[in-house]
Amino acid sequence: MPRNKEPKRETMKRRKFVKILAISAAGAALPIGDFEAAGVTGPILKPGSMITSIPDFYKLQIGNVPAINAAPTHWKLLVTGLVEKNQLFTYADITSMPSITAMRTLKCIGDDFGTTQMSNAEWTGVPLRVFLDKAGIKPEAEVVVFRCRDSYHTAIPIADAMREETLLAYKMNGVDLPKEHGYPIRLLNPGHYGTKNPKWIITIQLAKKHEGYWEKRGWDPVASVKLATMIGTPEKDSTIKAGKTYTISGAAFDSGNHGGIRSVEVSLDEGKTWKAAEIWASDSPLAWTLWKCTWRAPDEEGPVNVYARATANDGLMQKATGFDSAPAGAVSYHTVEAKVAK
Ligand SMILES: Nc1nc2c(c(=O)[nH]1)N[C@H]1C(S)=C(S)[C@@H](COP(=O)(O)O)O[C@H]1N2
Ligand SMILES: [Mo]
């Protein structure tokens, strides 16, 4: 997709992004599909496990997935720009360095309701700062720019780049990074939405400033993850059996920006009263927190509106306002309309 060819009006820019998201997510968004067939009253949790399998992990990019051959004759990672000395690393150089394996959740900034474009995996990689230290950052440098094979580009501040949790990842759930998720290497940048986690990196360039692909189109250059929770069950428009006990479940996430998730609450009366959910799985604040709670569906048929909100360890609680994700990520709590039927 050519750069600088986008309409300059802000609304156009935003609409375009959301549209791309909808198309790209279509295949990956609802892998279950047969929720009713599985029996809506059963103890089916969604997400049902901390780790999202690779086929279920959301996928999002501006164009086609590039296929990179990581042999040294085809691909080497270049670290350049405002550095003391340019550096080149082969795939074998990178994979033979001391590595870190950790869970990280990725979430897209454009996901209005925090429902489909959030997934968690276990990644293996090398801290980005190892590469930057080898090159030597010149004092006038302020950002680290990532240039990718699909022509995507984005930058992060040096302070974020030097965090020990900021990784250049080459494995996902124990296998070589799949081509859809950035083979041979991608960035995992804690605290930041997907836009700041570039895939298919070919060049890392130290610079004074940089305006990234999505920032040119109106999206927040900081892209700090907002406190959010999503309801996985029930799914929108699903049917819950009258009089049966039903498990409401989902995932909450702040990417560590508010100290992690303290609690999640659910409301079935449009936010008048809230009931605490059980946290049933969690890792570090850089991975999502899974929650569930049981609810006895009424005997009478009718619509039901499920609300869920999260509270972070720093005391921040999600508010009902601001359903739009643009330009800096959605802050509202998630609501799902379902129905109770005999
Ligand atoms: N090279 C490249 N990296 C990219 C993108 C892209 O279009 N090209 N999209 C970003 C966005 S908007 C998101 S949400 C995440 C999605 O990562 P995933 O496809 O592995 O889930 O990739 C990010 N990294
Ligand atoms: Mo995204």
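Calculation notes
- Residues numbered from 1 in each chain as written.
- Chains lettered and ligands numbered in written order.
- Predicted model: local features only at pLDDT ≥ 70, side-chain atom pairs only at ≥ 80, totals over all residues.
- Heavy atoms only, no water.
- Helix = DSSP H or I, 4+ residues; strand = E, 2+ residues; numbered from the N terminus.
- Buried < 20%, exposed > 50% of the residue type's maximum accessible area, 1.4 Å probe, protein only.
- Areas by Shrake-Rupley, 256 points an atom, 1.4 Å probe, with all protein chains shown as cover.
- 1 Å grid on protein atoms, 1.4 Å probe; cavity = no way out; pocket = protein on both sides within 12 Å on 5 of 7 lines; lining within 4 Å.
- Points joined across faces, edges and corners; volume = space filled by probe spheres on them.
- Nonpolar A, V, L, I, M, F, W, Y, C, P; charged D, E, K, R; others polar.
- Contact = heavy atoms within 4.5 Å.
- Pairing = 2+ DSSP bridges.
- Core = buried A, V, L, I, M, F, W, Y, C linked by side-chain atoms within 4.5 Å.
- Arc of directions from axis to C-beta.
- Near = heavy atom within 4 Å.
- Polar contact = N/O pair within 3.5 Å; in protein donor to acceptor, adjacent residues only side chain to side chain.
- Sits in = over half its atoms within 2 Å of the grid points.
- pLDDT = per-residue confidence, 0-100.
- Phe/Tyr/Trp six-rings, centres within 6.5 Å; stacked < 30°, edge-to-face > 60°.

We now examine the overall build of the protein chain. Secondary structure summary: the protein chain contains four helices and 19 strands in total. The buried share among the 342 residues of the protein chain stands at 53%. Surface exposure of the protein chain reaches about 14800 Å², of which carbon and sulfur atoms provide 53%.

With that out of the way, let us pick up empty space enclosed by the protein. Scanning the entire structure with this criterion turns up four cavities of 30 Å³ or more. Size it by volume and the largest cavity reaches roughly 280 Å³. Space inside the second largest cavity adds up to approximately 60 Å³. Together, R104, T105, L106, L188, N189, P190, G191, H192, N197, F253, S255 and L286 line the second largest cavity. Top contributing element to the lining of the second largest cavity by residue count: strand 3 (residues 100–107), with three residues. For the lining of the second largest cavity, the per-class residue count stands at five nonpolar, six polar and one charged.

Turning next to the environment of V126. Considering the arrangement of structural elements, one finds V126 in strand 4 (residues 118–127). Considered as a pair, V126 and P98 are 28 residues apart in the sequence and their alpha carbons are 6.8 Å apart. Residues in contact with V126, not counting those within four places in the same chain, are I94, M97, P98, F131, T166, L167, L168 and Y170.

Let us look at the sheet that holds strand 14 (residues 261–267). Adjacent strands of a sheet pair through backbone hydrogen bonds, lying either parallel or antiparallel. Reading across the sheet, the five strands line up as 12-19-18-14-15 and stay open at both edges, with mixed pairing between neighbours. Looking at strand neighbours, the two that pair on one side only are strand 12 (239–241) and strand 15 (275–276), the edges of this open sheet. Inspection of the sheet shows strand 12 paired to strand 19 (residues 334–341) by three bridges, in the parallel sense. Paired with I240 across the strands is V340, a residue of strand 19.

As a further point, take the pairing of strand 19. One ladder, built from seven bridges, connects strand 18 (residues 302–312) with strand 19; its direction is antiparallel. Its bridge partner lying in strand 19, Y307 is registered against T335.

Core analysis: the largest hydrophobic core is formed by 30 residues, its most contacted members being L77 and I204. For this core, the elements supplying multiple residues, two or more each, are strand 1 (77–81), helix 2 (91–95), helix 3 (128–135), strand 5 (143–148), helix 4 (158–161), strand 7 (167–172) and strand 10 (201–207). Here the element with the most residues in this core is helix 3; it accounts for four residues. Among residues more than four places away in sequence, those in contact with L77 are Q87, L88, F89, I94, F131, L168, I185, I201, I202, T203 and I204.

For the rest of this paragraph, the subject is helix 3. Inspection of helix 3 places L128, F131, L132 and A135 among the buried residues, and these make up the whole buried set. With its buried residues spanning 95 degrees around the axis, helix 3 presents them on a single face. Phi for G136, located one or two positions after helix 3, is positive at around 80 degrees.

A word on the site of ligand 1. By nearness alone, 19 residues border ligand 1, and Y58, D150, H181, R186 and K199 come closest of all. At 2.7 Å, a side-chain N or O of H181 approaches an oxygen atom of ligand 1. One nitrogen or oxygen atom from the side chain of R186 is found 2.7 Å from an oxygen atom belonging to ligand 1. Surface burial for ligand 1 is 100%, taken as the share of its 540 Å² of free accessible area covered by protein chains. Put simply, ligand 1 lies in the largest cavity. The class makeup of the residues in the shell around ligand 1 is ten nonpolar, five polar and four charged.

Another aspect to go through is the confidence of the model for the protein chain. For the protein chain, per-residue confidence averages 87 on the pLDDT scale, and residues scoring 70 or more make up 85% of the total. For the protein chain, helix 1 (residues 10–29) is the element with the lowest average pLDDT, namely 27, and strand 9 (residues 186–188) is the one with the highest, namely 99. Segment residues 1–42: pLDDT under 50, and 71 contacts once partners within four positions in sequence are set aside and those in other chains are kept.

Turning next to the packing of aromatic side chains. Each aromatic ring pair is characterised by the separation of its centres together with the angle its planes make. Counting across every chain of the model gives nine aromatic pairs. Their ring planes at 45 degrees and their centres at 5.7 Å tell us that Y152 and Y213 sit as a pair that is tilted. With a gap of 61 residues between them, Y152 in the loop between strand 5 and strand 6 (153–157) and Y213 in the loop between strand 10 and strand 11 (228–233) connect regions that are remote in the sequence. Y213 gets classed as buried once you look at its relative accessible area, which sits at 1%.

Attention now moves to the pairing of strand 1. Inspection of the sheet shows strand 1 paired to strand 2 (residues 87–89) by three bridges, in the antiparallel sense. Residue pairing in the sheet places V79 in a bridge with Q87 of strand 2. With four bridges joining them, strand 1 and strand 10 adopt parallel strand pairing. Opposite G81, over in strand 10, you have L206 as the bridge partner.

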